[in-house]
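Chain and residue survey
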Amino acid sequence: MKKIAHEGRPTNEPPAEAAAQESVHASRFRLSLTGWLAFGLGGIVVVFLAGNLLVQRSTRLATENVTRVQQELEPLARRARGLSDAISNYERAVLSYLKPPGAPTDHAGVDAAQARMQAAITEHIRYTSTDADLAAVRSLADAVTRHETNGSELVQRFDRRSALLGIFWPLMDGLRKRVDGAGNVTVGENVFARRSLAELANALETARSSYTVQLTQPNERTANEAARNELAFRKKLKEYSEEFKRSPGVAWYELVQGDFDRAARLHRSVGQLDTEIETGRREFAGSGAGLIEQVRVSLEEPALRALAESATEARATTQDAENMIAAVSLAVVCVILLVTAATLYGITRPVRRLTEATRDLAGGELTTRVPRGGIRELDELAIAFNHMASELNSAEQAVRSHQAHLEERVAQRTRQLRMLAHHDALTSLPNRRHLFAYLHSALRRAAREEQRITVLFVDLDNFKMINDSLGHEFGDRVLRLISERLREVVGDRGFVARLGGDEFTLITPGETSMEEVETRAARMVAEFQRPISIEQRELLIGMSVGAAVYPDHATDGAALLRAADAALFRAKELGRNRACVYTPEMLVATSNRFQTEQALRRAIEVDDLVLHFQPQVSLASHEATAVEALLRWRQGNGRIVPAAEFLQVAEQSGLIIELSAWVMQRAAHAVALWRKAGWPQARVALNVCSQQFMSGEFVSSIERLLRDNDVPPECIELELTETMLQTGAVTIDTLRGLHDLGVGIALDDFGTGYSSMTSLEKLPLNRVKLDRSLIDSVDSNVRSAAIARSIITLCRTLGLQVTAEGIERPAQLDFLSDCGDVCVQGYYVERPAAASEVLAVVSAMPTRMKMLLGTEQREQEEVDISASGVVRLRPRRR
């Protein structure tokens, strides 16, 4: 290598013009990189084209073979698959038609499936060319016709069964009403009930229940049970026949006897049809499977064998093409290796020289130069490198001349950054750091001069709404105008800083009394009652102010700011747009809220939360239809804290969403265990918080909950308050998504505040839960009883189920038992229980409800002594 000094030119380095001429002359006799690559690429192309011609020939043969198979065999296979699908579809349509009584039937679906099956077999007959294939297809068509006939007969039997049940159940309902209606016969002003009618009604209900079981689970045991209960009713009717003929009368007795005989005949007819339908169903399913097997053997297997033969030929052709491609690839690789070896020889040495020179230049040796040589491009690169080294030497001097100027710019920028470090970039007000420095200095000065200092904590009310509705850029303009007005209010005497967001702090020294502090804070709130004008908009922005005074409330800056913050929180609690001066109780309340929040966070982490479940019991069946999940907090001292004592703190701290998710997950897991352990109808009611419901992803979270715990949607019922269920578009979409999913929706706390009938009309609800305040006085206040009864009647008319909460006295249960099929919930019915106790509580509930209702009935009976001296019990008048 040649070395030069920082100044001057070496004697052996040619001038620039001579170096350029030398470069052009040398380039004419050097092979370029393009030439090397063109030579190698030409050899690769020749080898590749020769191999490509051979491969194309093999590929063309394989393509012709595949095309022939596709044209000849694919339509046959497609028609065979279509016929199999049509037969399966017809079988599914017929079997789906045979649904339980009361389910909607789809006769059109059966007809459509039948037409599709006939069209499929007709298409096979039309495209069959040979006589042998045509005979096989016609045999298959006969089998399809027989299968279709069997399905039609099944559908006709099921239609006859549905028609008989349509007569049977109304007849049984009318018979029950006739027997129940005969229980009260008006004779003068006395109302009496006879034991014989009560026994007859019980025998009828038992027979009806056994009929229902026999029709839904037909077997020998249920049939014998139905026959025994039917005979028991007839015996009971015959036993009291003379008494019944006297009252209610002979006509009534004959009607009851005739209706029951007719119902018994209808029941036997339905049972016979059930036997025929079940036999036909098995034969129909067997014939369908055989028919599909016949299609597979006679149509699909020949097509598949032909396809397999064609695939064998295609594989052989493809193998030849692969062998040819392998040979061509090997030849191409050999040519590439030869070209690569020659290229590396002409490139590696010049590149190594350039690398060494570049390393020296990077080390600071600006006199480094590179010897020329190699292919044309590398030789030109060596010339350019040498020129670059010379230019770098000149540039070094220029850099030094700019260094002084840059240092000055850095110093100026540093001053600007120092300004930004102590001031807010948006409003140019002092920031938090500047505030603490100023407050510390002001407190020391006030201590020396024995002055008061007032700290005002200011927060704009509902400023987030401005950002959300008008945009953040508009909100920034509002903050700048607020800052200017705060400067005007404080003037030269005070200090104003922006803590961040919509929070400001004002420091004013010199107040002489607490009354003056209160007056100043109130005047600041009043000052912002004047609207702010921005872009021809008049905005009225309220603010909440918390005030604390040195040394009355605190003696250091941090404590003074905490006191002002506590006063601000109190102002917001009182309704916003007002000022509050600190009192020690505020800090205690803030500290208590903070301690409760921290303890609640620890309880979530260490799993100190538990769920209790309170049953909801149907007064019609005396069985628990669901349980409501109630959150409890098990503290370290063993006390179980109800949710009402910590939910407000959870809502203010944002923990409510985490708590709600925890409750849903644990409740879903519990209901899954109950369903497996012996309560297959288990259902749990869950309270939903508004933040969780309005998150926009509530429906998908419920879907994940059901999927993760493997429970059906009907085992979950969500309880939402009316304030959450406003009829907005987002709410309606969420409720419809839940309704489509199959999850129950209950309107909770109905009867409190301004309960809207619009909610019952527009929202897709399943249940209405009457608040305890509506039920509390139904046993002592006629107006309350009338209102509650009217709401229950309205909800049932709208097809909504009703649950009454807060049942704590026997008289409340007595009132609701006269209101029809209502579910009840309360401490008198059953107290909340742990998840492990729920199954025992649910199984014992019918006995407990009978005991509660029976005790209640005895308490409400009066002793009635007739003229003959017979003592009778009669219900008290209400």
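The shown structure was predicted, so the numbers you read here are calculated from the model rather than taken from an experiment. (Residues numbered from 1 in each chain as written. Predicted model: local features only at pLDDT ≥ 70, side-chain atom pairs only at ≥ 80, totals over all residues. Heavy atoms only, no water.)

It is worth spelling out the overall build of the protein at this point. Looking only at helices and strands, the protein features 24 helices and 21 strands. Counting across all 878 residues of the protein, residues that qualify as buried make up 39%. Taking contacts inside the protein between residues at least 6 apart in sequence as the whole, the part at least 24 apart equals 69%. Accessible area for the protein stands at about 49,000 Å²; split by element, carbon and sulfur atoms hold 54% of it. (Helix = DSSP H or I, 4+ residues; strand = E, 2+ residues; numbered from the N terminus. Buried < 20%, exposed > 50% of the residue type's maximum accessible area, 1.4 Å probe, protein only. Contact = heavy atoms within 4.5 Å. Areas by Shrake-Rupley, 256 points an atom, 1.4 Å probe, with all protein chains shown as cover.)

Bringing the environment of S483 into the picture now. Tracing the sequence through the fold places S483 in helix α11 (residues 472–490). Sequence-wise, S483 and F504 are 21 residues apart; in three dimensions their C-alpha atoms are separated by 8.6 Å. Discounting residues that sit within four places of it in the chain, S483 has contacts with T427, L429 and F504. In this structure the side chain of S483 is engaged in a polar contact, spanning 2.8 Å, whose partner is the backbone oxygen of L479. (Polar contact = N/O pair within 3.5 Å; in protein donor to acceptor, adjacent residues only side chain to side chain.)

In the case of a regular strand, side chains alternate between the two sheet surfaces. Counted residue by residue, strand β8 (residues 543–550) has 8 buried out of 8 residues, so it is predominantly covered. Relative to β8, strand β3 (residues 453–460) is paired through 8 bridges, and the arrangement is antiparallel. Within β8, the position partnered with V455 by the bridge is A548. Note: β8 against strand β9 (residues 579–581), 3 bridges, orientation parallel. Bridge pairing in β9 places V545 opposite A579. (Pairing = 2+ DSSP bridges.)

Moving on to the sheet that holds strand β5 (residues 503–509). Taken together, the 5 strands give an open sheet; going across it, the order is β4-β5-β3-β8-β9, and neighbouring strands pair in mixed fashion. Among the strands making up the open sheet, the edge pair consists of β4 (495–500) and β9. Neighbouring strand axes in the sheet, compared pairwise and without regard to direction, differ in orientation by 20° on average. Examined bridge by bridge, β4 and β5 share 5 bridges and lie antiparallel to one another. Bridging from a neighbouring strand, F495 pairs with I507 of β5. (Axes fitted to C-alpha atoms, helices over the stretch in contact; angles between N-to-C directions.)

When you line up the elements, L439 lands in helix α9 (residues 432–449). Classification of L439 by relative accessible area gives buried; the value is 0%. Excluding residues within four positions of it along the chain, L439 makes contact with V455, I507, G557, L560 and L561.

Attention now moves to the pattern of salt bridges. Under the defined criterion, the tally for this structure stands at 27 salt bridges. Across the salt bridge formed by E225 and R228, the nearest N and O atoms sit 2.3 Å from each other. On the criterion of helical spacing, the pair formed by E225 and R228 is a turn pair, its members being 3 residues apart in helix α6 (residues 220–239). Where E830 meets R848, a salt bridge forms, and the shortest distance between an N and an O atom there is 3.5 Å. Taken together, the residues span a long stretch of sequence, with E830 in the loop between β18 (823–824) and β19 (833–834) and R848 in helix α24 (residues 838–859) at a distance of 18 residues. (Salt bridge = Lys/Arg side-chain N within 4 Å of Asp/Glu carboxyl O.)

So, about the nonpolar core. In terms of nonpolar packing, the biggest core is built from 86 residues, with F613 and L718 touching the most fellow members. Considering each element in turn, this core owes the most residues, 11 residues, to helix α16 (residues 656–677). Once residues lying within four places of it in the same chain are set aside, the contact partners of L718 are M664, L686, V688, F698, I702, L738, V743, G744, I745 and A746. V458, L479, F504 and I534 belong to the second largest nonpolar core, which has 29 residues in total. (Core = buried A, V, L, I, M, F, W, Y, C linked by side-chain atoms within 4.5 Å.)

We now examine the packing of α16 against helix α18 (residues 698–709). Packed helices, taken two at a time, are described by their axes: the angle between them and the distance between them. One can describe the packing of α16 onto α18 by two numbers: an axis separation of 9 Å at closest approach and a directional angle of 35°. As α16 runs across α18, the sense of the crossing is right-handed. Residues M664, Q665, A668, H669 and A672 of α16 lie in contact with α18, whose contacting residues are F698, I702, L705 and N709. Residues belonging to the contact of α16 with α18 are distributed by class as follows: 6 nonpolar, 3 polar and no charged. (Left-handed = near helix turned anticlockwise from the far one by under 90°. Nonpolar A, V, L, I, M, F, W, Y, C, P; charged D, E, K, R; others polar.)

Let us look at the confidence of the model for the protein. Across the protein, the average pLDDT comes to 79, with 84% of residues at or above 70. Within the protein, no element has a lower average pLDDT than strand β20 (residues 861–865), which sits at 37, and none a higher one than β18, at 96. Segment residues 186–193 is flagged for pLDDT under 50; beyond a separation of four residues in sequence, or across chains, it makes 7 contacts in the model. Segment residues 856–878: pLDDT under 50, and 31 contacts once partners within four positions in sequence are set aside and those in other chains are kept. (pLDDT = per-residue confidence, 0-100.)

For β3, the buried fraction is high: 8 of the 8 residues fall into the buried class. Examined bridge by bridge, β3 and β5 share 7 bridges and lie antiparallel to one another. Among the inter-strand pairings, V458 is bridged to a residue of β5, identified as F504.

Applying the stated criterion across every chain yields a total of 10 aromatic pairs. Where F233 meets F260, the ring centres are 4.2 Å apart and the plane angle is 35°; that geometry is what we call tilted. Taken together, the positions of F233 in helix α6 and F260 in helix α7 (residues 241–362) put the pair 27 residues apart, joining distant regions of the chain. Residue F233 shares its accessibility class with F260, and that shared class is buried. (Phe/Tyr/Trp six-rings, centres within 6.5 Å; stacked < 30°, edge-to-face > 60°.)

In this structure, P248 follows S247 across a cis peptide bond, with omega equal to 20°. Position of P248 among the secondary structure elements: in helix α7. In this structure, the amide linkage connecting Y550 to the following residue, P551, adopts the cis form with an omega of 5°. Take P551: it is sitting in the loop between β8 and α13 (557–573). For D710, which is not a glycine, the phi torsion comes out positive at approximately 55°.

Take α18 next. End to end, α18 covers 17 Å across 12 residues, agreeing with the expected 16 Å (1.5 Å per residue, within 8%). Taken as a whole, α18 has its buried residues at F698, I702, L705, L706 and N709. Projected down its long axis, α18 shows its buried positions confined to an angular sector of 90°, all on one face. Of the exposed residues in α18, the ones pointing more than 90 degrees away from its buried face are R707 and D708. (Expected span 1.5 Å × (residues − 1). Arc of directions from axis to C-beta.)

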